[in-house]
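Summary of structural features
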Amino acid sequence: MVTVVPTRRWAAGVNALCLHPWSKPLLFGLMLLPLCVLVSAAVFDQLGANPAQALVRSTGDWTLRALCLVLALTPLRVSLQLPALARWRRMLGLFVFFYASLHLLCYSWFDMGFELLDIARDIPKRPFILVGFAAFVLLFALALTSPHRVVRWMGGKNWRRLHQLVYAVAGLALLHFFWMRAGKNDVAEVWVYTFILSLLLGWRLVRVLKSLKKVSLAL
């Protein structure tokens, strides 16, 4: 009893902070910080010997990090009894798409010089580009259907079913990252993201299996 009350008070305090009117603008500013750092580094020539590659890689890294944050919201919300975290999900999801768009823009600009025909030929030719582009297409569909009016038009059940594609996005993004780094024999960071995403997706799988077990026992 002594340990439960402080936990509830802590959860109530965190929920109150998440519901504060300034919580979303603060989160928005925090999520823009990586872009500000990259722009500053580019302006002051601090991106290293290959600035173009640094921008492509950094925007890709931040896409994965934002994706991990989105997928971490539900486990944190349920495990720590923080329902107010759900109000951040849409914004963080759109930031995943935002950084993925910057990643695609940097590739199209610095690697391909905005030559659309060359980009179209390059996508099916290189597997890691193909799976990365597939992940972007799915993210585009999720971003397009994120407004509240679209949710009402689609219906909650259909909308939730569509947005489960985020799990496919996670798998494709991880495969894209692995194939890109494997070619350079530099996969240490890939295993870090693999571990994090495996935990986040594994938590969901355990919940599904538990709910199926309850249904089977009820029958």
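Note that the coordinates shown come from a computational prediction; the quantities given were computed from them, not determined experimentally.

Quick look at the overall build of the chain
Broken down by element type, the chain carries 10 helices and 0 strands. Starting at the N terminus, the α and β elements of the chain follow one another as α-α-α-α-α-α-α-α-α-α. Over its C-alpha atoms, taken along the principal directions, the chain stretches across nearly 60 × 45 × 40 Å. Counted over contacts in the chain with a minimum sequence separation of 6, partners at least 24 positions apart contribute 70%.

Thoughts on unusual backbone geometry
At D45, a residue that is not glycine, the phi angle is positive and equals roughly 55°. With a phi close to 55°, Q81 is a non-glycine residue in the positive phi region. Along the chain, the position of Q81 falls in the loop between α3 (51-79) and α4 (89-111).

Here we look at the pattern of salt bridges
Under the defined criterion, the tally for this structure stands at 6 salt bridges. Here D186 and R181 are joined by a salt bridge, their closest N and O atoms 3.4 Å apart. You can call D186 partly exposed: its relative accessible area is 32%. Classification of R181 as buried rests on a relative accessible area of 3%. The network of salt bridges with common partners includes R57, R65, R181, D186 and E189.

Points about the environment of F133
Tracing the chain through its elements places F133 in helix α6 (residues 127-144). Along the primary structure F133 and I123 are separated by 10 residues, whereas in three dimensions their C-alpha atoms are 7.3 Å apart.

Focus: helix α9 (residues 165-182)
Quick reminder: α-helices carry 3.6 residues per turn. Residues three or four places apart thus point the same way. In this model α9 runs 25 Å from its N-terminal to its C-terminal C-alpha over 18 residues, within 8% of the 26 Å that 1.5 Å per residue would give. Burial in α9 covers these residues: V166, V169, A170, A173, L174, H176, F177, M180 and R181. Buried residues along α9 cover an arc of 160° about the axis, so they all sit on one side.

Looking at the packing of helix α2 (residues 23-43) against α3
Running from N to C, α2 and α3 cross one another at 170°; their axes reach a closest spacing of 11 Å. The angle between α2 and α3 falls in the class roughly antiparallel. Here M31, P34 and L38 of α2 lie close against α3, whose contacting residues are L55, S58, T59, W62, A66 and L69. Here the residues of the contact of α2 with α3 are counted per class, giving 7 nonpolar, 2 polar and no charged.

As for a nonpolar patch on the surface
On the surface, L105, W109, F110 and F114 cluster together into a nonpolar patch covering about 390 Å² of accessible area. Residue placement: F110 occurs in helix α4.

Things to note about the confidence of the model for the chain
Looking at the chain as a whole, its pLDDT mean stands at 90, while 95% of the residues score no less than 70. Across residues 1-6, confidence stays below pLDDT 50; counting only partners more than four residues off in sequence or on other chains, it has 0 contacts.

Things to note about the side chain of T145
Inspection of the secondary structure puts T145 in the loop between α6 and α7 (148-154). A relative accessible area of 11% places T145 in the buried class. Other than its neighbours up to four places away in sequence, T145 contacts V150, V151, M154, W159, L162 and H163.

Some points on the packing of α6 against α9
In contact at an axis separation of 8 Å, α6 and α9 are set at 155° when each is read in the N-to-C sense. With respect to α9, the element α6 is oriented roughly antiparallel. Here the hand of the crossing between α6 and α9 comes out left-handed. In contact with P127, F128, I129, V131, G132, A134, A135, L138, L139 and L142 of α6, α9 contributes L165, V166, A168, V169, L172, A173, L175, H176, W179 and M180. Split by residue class, the contact of α6 with α9 holds 18 nonpolar, 2 polar and no charged.

Procedures and definitions
- Residues numbered from 1 in each chain as written.
- Predicted model: local features only at pLDDT ≥ 70, side-chain atom pairs only at ≥ 80, totals over all residues.
- Heavy atoms only, no water.
- Helix = DSSP H or I, 4+ residues; strand = E, 2+ residues; numbered from the N terminus.
- Contact = heavy atoms within 4.5 Å.
- Salt bridge = Lys/Arg side-chain N within 4 Å of Asp/Glu carboxyl O.
- Buried < 20%, exposed > 50% of the residue type's maximum accessible area, 1.4 Å probe, protein only.
- Expected span 1.5 Å × (residues − 1).
- Arc of directions from axis to C-beta.
- Axes fitted to C-alpha atoms, helices over the stretch in contact; angles between N-to-C directions.
- Parallel < 35°, antiparallel > 145°, perpendicular 65-115°, else oblique.
- Nonpolar A, V, L, I, M, F, W, Y, C, P; charged D, E, K, R; others polar.
- Patch = residues over 30% accessible without salt bridge, like charges linked within 9 Å, V, L, I, M, F, W, Y side chains within 5 Å.
- Areas by Shrake-Rupley, 256 points an atom, 1.4 Å probe, with all protein chains shown as cover.
- pLDDT = per-residue confidence, 0-100.
- Left-handed = near helix turned anticlockwise from the far one by under 90°.

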